[in-house]
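Spelled out, the chains give:
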Amino acid sequence: MREQSSDLRETVRQRYAAAAVKVTEGGAACCGPQPVEVDENFGSTLYAADERDALPAEAVAASLGCGNPTAVAELREGERVLDLGSGGGIDVLLSARRVGPTGKAYGVDMTDEMLALALANAEKAGATNVEFLKGTIESIPLPANTIDVVISNCVITLSVDKPAVFAETFRVLKPGGRIGVSDVVADDSLSPDQRAERGDYVGCIAGALSFAEYRAGLEAAGFTDIEITPTHTVADGMHSAIVRATKPVTTDTSSEAEESPDACCGVNACCTPAEAAVDPVQTATEAKAASGCGCTS
């Protein structure tokens, strides 16, 4: 099973790496990059014209999602937003515009080619309140309780470990934080085999959860106020849907504030590129200084 999951993840990575390369090479052509469209149910046409026109053509061309999460996330000035599977950066750049200079938009992606494209797009857009991180959505490289809103555009369905995605999303959100996700969801009557008959995994179909499975996964992670609203059909019995949920304000975060077994000096993953303070309100440097243990490198 683990080998199969690894193979699926690599297939997904290769598909999106190829899409990034196509857009990058197209950007050097006389007429600019052509959108990497699958069909009318996916891609940049799901964004309003004024949104597309305000961004670099390469960011728009690289969009492969099934919706427009920034349109439903109700982003506010000063918020910190995280896009799971940020691709060429379209949703991060749109989010950055909405939260303004006092806010920040993060994107996490596992594909080097997409990260390079996203960084180039951020530079073209002149966006200074964005940061792109390499990582998987099953192990988000951000501290707990630091994000106001998590968005994603048809990426959770591609994960080989969706419970881990839900748990990690819950972890990084502040109490009271929320998700506004576009994803593919299946009718409850469809079995996994029937979903696979309607499309492949990398095409966002075979790996889709049913409405009941999606709700149960979010509830198991601790989310409340869950809403799953279908928007349009992408295959027989399969829908693009808007998913909203909230991390309760009263959630018990005491376990999150405890050091993990490999923590030292108040810092998890101490002295590595992934180090982060156990206390989310501190920087790693501040945590080391406060601990007095001498680990300051």
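Since the model is a prediction, treat every value here as computed from it, not as a measurement.

Student: What is the right way to look at the pairing of strand 1 (residues 80-84) in this model?
Tutor: In terms of burial, strand 1 is largely enclosed, as 4 of its 5 residues are buried. Direction of pairing for strand 1 relative to strand 2 (residues 104-109): parallel, over a ladder of 5 bridges. Counted as the bridge partner of arginine 80 is lysine 104 from strand 2. In the classification by handedness, the crossover that spans strand 1, the intervening helix 4 (residues 90-99) and the parallel strand 2 is right-handed. With 4 bridges connecting them, strand 1 and strand 4 (residues 147-153) associate as parallel partners.

Student: Which parts of the structure should I look at to understand helix 4?
Tutor: Side chains that are three or four residues apart share a direction in an α-helix, a result of its 3.6 residues per turn. With 8 of 10 residues buried, helix 4 is to be regarded as a mostly interior element. Listed in full, the buried residues belonging to helix 4 are Ile90, Asp91, Val92, Leu93, Leu94, Ser95, Ala96 and Val99.

Student: Is there a simple way to explain the pattern of salt bridges in this structure?
Tutor: Two side chains that carry opposite charge are able to pair once their charged atoms sit near each other. Counting across every chain of the model gives 9 salt bridges. Glutamate 168 is the partner of arginine 171 in a salt bridge, and the nearest nitrogen-oxygen pair spans 2.7 Å. Within this pair, arginine 171 and its partner glutamate 168 are both found in helix 6 (residues 162-172), separated by 3 residues, close to a single helical turn. Under the relative-accessibility criterion, glutamate 168 is labelled buried at 13%. One salt-bridge network, in which partners are shared between bridges, spans Arg76, Glu79 and Arg178.

Student: Can you help me understand the nonpolar core in this one?
Tutor: In summary, soluble globular proteins display a tendency toward joint burial of nonpolar side chains. Within the largest apolar cluster, 31 residues are counted, with the highest numbers of intra-cluster contacts made by Leu82, Ile179, Tyr214, Leu218 and Phe223. If you list the elements that add at least two residues to this core, you get strand 1, strand 2, strand 4, helix 6, strand 5 (173-186), helix 8 (211-221), strand 7 (224-235) and strand 8 (238-246). Excluding its chain neighbours within four sequence positions, the residues that come into contact with leucine 218 are Phe166, Ile179, Phe223, Ile226, Val243 and Ala245.

Student: Which parts of the structure should I look at to understand the packing of helix 6 against helix 8?
Tutor: Working note: a packed helix pair is described by the angle between its axes plus the distance between those axes. One can describe the packing of helix 6 onto helix 8 by two numbers: an axis separation of 9 Å at closest approach and a directional angle of 45°. Viewed along their axes, helix 6 and helix 8 adopt a mutual orientation that is oblique. At the point where helix 6 passes helix 8, the crossing takes the right-handed sense. Between helix 6 and helix 8, the contacting residues are Phe166, Ala167 and Phe170 on the first element and Tyr214, Gly217, Leu218 and Ala221 on the second. When grouped by side-chain class, the residues that make up the contact of helix 6 with helix 8 number 6 nonpolar, 1 polar and no charged.

What counts, and at which threshold
Residues numbered from 1 in each chain as written. Predicted model: local features only at pLDDT ≥ 70, side-chain atom pairs only at ≥ 80, totals over all residues. Heavy atoms only, no water. Buried < 20%, exposed > 50% of the residue type's maximum accessible area, 1.4 Å probe, protein only. Helix = DSSP H or I, 4+ residues; strand = E, 2+ residues; numbered from the N terminus. Pairing = 2+ DSSP bridges. Right-handed = clockwise from strand over helix to strand, strands pointing away. Salt bridge = Lys/Arg side-chain N within 4 Å of Asp/Glu carboxyl O. Core = buried A, V, L, I, M, F, W, Y, C linked by side-chain atoms within 4.5 Å. Contact = heavy atoms within 4.5 Å. Axes fitted to C-alpha atoms, helices over the stretch in contact; angles between N-to-C directions. Parallel < 35°, antiparallel > 145°, perpendicular 65-115°, else oblique. Left-handed = near helix turned anticlockwise from the far one by under 90°. Nonpolar A, V, L, I, M, F, W, Y, C, P; charged D, E, K, R; others polar.

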